[in-house]
Amino acid sequence: MDPDSVAKAFVEHYYRTFDGNRPGLGGLYQDASMLTFEGDKIQGAAAIVGKLTSLPFQQCVHAVSTVDCQPSGPAGGMLVFVSGSLQLAGESHALKFSQMFHLMPTPQGSFYVLNDIFRLNYA
């Protein structure tokens, strides 16, 4: 599978899981994983899922506008950069966001998120 296909499949899976079953994201992270969410740094799968499940909204829908990816290093990693909008339940205006994932291969042939940086884009 080419990197663009992997990135697209990962992004679809990530946001579908985020929007429908946030605790299910835990399997995408490991103990060494780090999330920077609006400047807050969180490390480890359990802490990252704790942060994502404690956000002040329960329902949202991500709409992805762009997905860009690049291979990263000799270990087979991949950088994935996403831009899009986030619609919160009960809100009339969508929020623009950018998110970067550094994916690393697992021995089982899939990928996990080593680094994840999320920012809202304010106009």
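The structure contained in this document is the topic of the report that follows. The structure presented is a predicted model; accordingly, all values stated were derived computationally and were not measured.

Cut-offs applied
Residues numbered from 1 in each chain as written. Predicted model: local features only at pLDDT ≥ 70, side-chain atom pairs only at ≥ 80, totals over all residues. Heavy atoms only, no water. Helix = DSSP H or I, 4+ residues; strand = E, 2+ residues; numbered from the N terminus. Rg over C-alpha atoms; globule rule 2.2 N^0.38 Å. Buried < 20%, exposed > 50% of the residue type's maximum accessible area, 1.4 Å probe, protein only. Contact = heavy atoms within 4.5 Å. Areas by Shrake-Rupley, 256 points an atom, 1.4 Å probe, with all protein chains shown as cover. Lys, Arg positive; Asp, Glu negative; His and termini not counted. Charge placed at Lys NZ, Arg CZ, Asp CG, Glu CD. Phe/Tyr/Trp six-rings, centres within 6.5 Å; stacked < 30°, edge-to-face > 60°. Core = buried A, V, L, I, M, F, W, Y, C linked by side-chain atoms within 4.5 Å. Arc of directions from axis to C-beta.

Some points on the overall build of the protein
Alright, step 1. Counting its secondary structure elements, the protein contains two helices and six strands.
Alright, step 2. Counting from the amino terminus, helix and strand elements in the protein follow one another as α-β-β-α-β-β-β-β.
Alright, step 3. In terms of C-alpha radius of gyration, the protein reaches 14 Å, essentially the compact-globule figure of 14 Å for 123 residues.
Alright, step 4. Expressed along its principal axes, the backbone C-alpha trace of the protein runs to roughly 45 × 30 × 25 Å.
Alright, step 5. Across the 123 residues of the protein, 41% fall into the buried class.
Alright, step 6. Sequence-distant contacts in the protein: of pairs separated by 6 or more residues, those separated by 24 or more amount to 44%.
Alright, step 7. Within the structure as shown, the protein displays about 6800 Å² of accessible surface, and the carbon and sulfur contribution to it stands at 56%.
Alright, step 8. One way to put it: in the protein the 7 positive side-chain charges average out to a point 4 Å from where the 10 negative ones average out.

A closer look at the packing of aromatic side chains
Alright, step 1. Taken as a whole and assessed by the stated rule, the structure comprises nine aromatic pairs.
Alright, step 2. Here F10 and Y14 contribute two aromatic rings whose centre-to-centre distance is 5.9 Å and whose plane-to-plane angle is 35°, an arrangement assigned as tilted. Of this pair, F10 and Y14 both sit in helix α1 (residues 3-20), separated by four residues, roughly a single helical turn. Accessibility classification places F10 together with Y14 in one group, the buried group.
Alright, step 3. Ring geometry for Y15 and F101: centres 6.4 Å apart, planes at 65°, overall edge-to-face. You can see Y15 sitting in helix α1 and its partner F101 sitting in strand β5 (residues 95-105), a full 86 residues away along the chain.
Alright, step 4. Relative accessible area serves as the criterion here: at 4%, Y15 is assigned to the buried category.

A short note on the nonpolar core
Alright, step 1. Judged by nonpolar contacts, the single largest core of 31 residues is most densely connected at F10, Y14, F18, Y29, L52, V80 and F101.
Alright, step 2. Of all elements in the fold, only α1, β1 (29-37), α2 (45-53), β3 (60-72), β4 (77-88), β5 and β6 (111-121) reach the threshold of two or more residues within this core.
Alright, step 3. Take this core: its biggest share by element is seven residues, from α1.

Things to note about α2
Alright, step 1. Among all positions in α2, only A45, I48, V49 and L52 are buried. Down the axis of α2, the buried side of the element spans an arc of 95°, and every buried residue falls inside it.
Alright, step 2. The elements touched by buried residues of α2 are α1, β1 and β2 (40-43).

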